[in-house]
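Now for the letters of each chain:
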Amino acid sequence: MNTFFILGLIVLILSPVIYRFPMLLAGYNTMSKKERAKIDEKRLKTYAAGGLAILGLVTMLFGFLPEKAMWVHITYVCFILVFLVAFLIATNSKRMQKK
């Protein structure tokens, strides 16, 4: 097994943990109760767990590519950057607020 596969497996295992314990999300546990009341917790934990699951699966798929090839690493870094920017925009949008 190579590094990508092991890393993807770890991230994939974290997905249901984050869904079960949303207080582990960075910044969520430091919010006041008043700020937390404005956020739709179910939607936030679903987005976070789904995002981690996608990230873990794609990382595991990269584990099946040749690890020594430089294009694999460059492609993976580009994927991570695009995915994280899109994920941060989605989770910080108005969609996460209660209606």
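Please read all numbers here as calculations on a predicted model, not as lab measurements. (Residues numbered from 1 in each chain as written. Predicted model: local features only at pLDDT ≥ 70, side-chain atom pairs only at ≥ 80, totals over all residues. Heavy atoms only, no water.)

### Remarks on the packing of helix α3 (residues 41-62) against helix α4 (residues 70-91)
Part 1 of the reasoning: Closest axis-to-axis distance for the α3/α4 pair is 11 Å, and the angle between their directions is 175 degrees. Classified by the interaxial angle, the pair formed by α3 and α4 is roughly antiparallel. For the pair α3 and α4, contact is made by Leu-44, Tyr-47, Ala-48, Gly-51, Ile-54, Leu-55, Val-58, Thr-59 and Phe-62 and by Val-72, Thr-75, Tyr-76, Phe-79, Ile-80, Phe-83, Phe-87, Ala-90 and Thr-91, respectively.
Part 2 of the reasoning: In the contact of α3 with α4, the residues fall into 14 nonpolar, 4 polar and no charged. (Axes fitted to C-alpha atoms, helices over the stretch in contact; angles between N-to-C directions. Helix = DSSP H or I, 4+ residues; strand = E, 2+ residues; numbered from the N terminus. Parallel < 35°, antiparallel > 145°, perpendicular 65-115°, else oblique. Contact = heavy atoms within 4.5 Å. Nonpolar A, V, L, I, M, F, W, Y, C, P; charged D, E, K, R; others polar.)

### Comments concerning the side chain of Ser-15
Part 1 of the reasoning: Here Ser-15 is to be found in helix α1 (residues 3-20).
Part 2 of the reasoning: Not counting chain neighbours up to four residues away, the residues in contact with Ser-15 comprise Ala-49, Leu-52 and Ala-53.

### Regarding the packing of aromatic side chains
Part 1 of the reasoning: Tallying each qualifying case throughout the model produces 6 aromatic pairs.
Part 2 of the reasoning: Pairing Phe-4 with Phe-62 gives two aromatic rings, centres 6.0 Å apart and planes at 45 degrees, and the pair type is tilted. Of the two residues, Phe-4 sits in helix α1 while Phe-62 sits in helix α3, which places them 58 residues apart along the sequence. The pair formed by Phe-4 and Phe-62 is uniform in burial state, with each residue classed as buried. (Phe/Tyr/Trp six-rings, centres within 6.5 Å; stacked < 30°, edge-to-face > 60°. Buried < 20%, exposed > 50% of the residue type's maximum accessible area, 1.4 Å probe, protein only.)

### Section: the environment of Tyr-19
Part 1 of the reasoning: With respect to the helices and strands, Tyr-19 occurs in helix α1.
Part 2 of the reasoning: When the C-alpha atoms of Tyr-19 and Asn-2 are compared, they prove to be 27 Å apart, with 17 residues separating the residues in sequence.
Part 3 of the reasoning: When neighbours within four sequence positions are excluded, Tyr-19 is seen to be in contact with Lys-42, Lys-45, Thr-46 and Ala-49.

### Some points on the side chain of Lys-45
Part 1 of the reasoning: Among the secondary structure elements, Lys-45 is positioned in helix α3.
Part 2 of the reasoning: Of the side chains with opposite charge, Glu-41 comes closest to the buried, unpaired Lys-45, at an N-O distance of 4.7 Å.
Part 3 of the reasoning: When near neighbours in sequence (up to four residues on either side) are disregarded, Lys-45 contacts Ile-18, Tyr-19 and Pro-22. (Lys, Arg positive; Asp, Glu negative; His and termini not counted. Salt bridge = Lys/Arg side-chain N within 4 Å of Asp/Glu carboxyl O.)

### A look at the nonpolar core
Part 1 of the reasoning: Membership of the largest hydrophobic core is limited to 10 residues, which are Phe-4, Val-11, Leu-55, Val-58, Phe-62, Ala-69, Val-72, Tyr-76, Ile-80 and Phe-83.
Part 2 of the reasoning: Breaking this core down by element, the ones donating at least two residues are α1, α3 and α4.
Part 3 of the reasoning: Per-element tally for this core: the top contributor is α4, with 4 residues.
Part 4 of the reasoning: Setting aside its immediate chain neighbours within four residues, Tyr-76 contacts Phe-4, Leu-7, Thr-59 and Phe-62.
Part 5 of the reasoning: Judged by nonpolar contacts, the second largest core, of 7 residues, contains Ile-18, Tyr-28, Ala-48 and Met-96. (Core = buried A, V, L, I, M, F, W, Y, C linked by side-chain atoms within 4.5 Å.)

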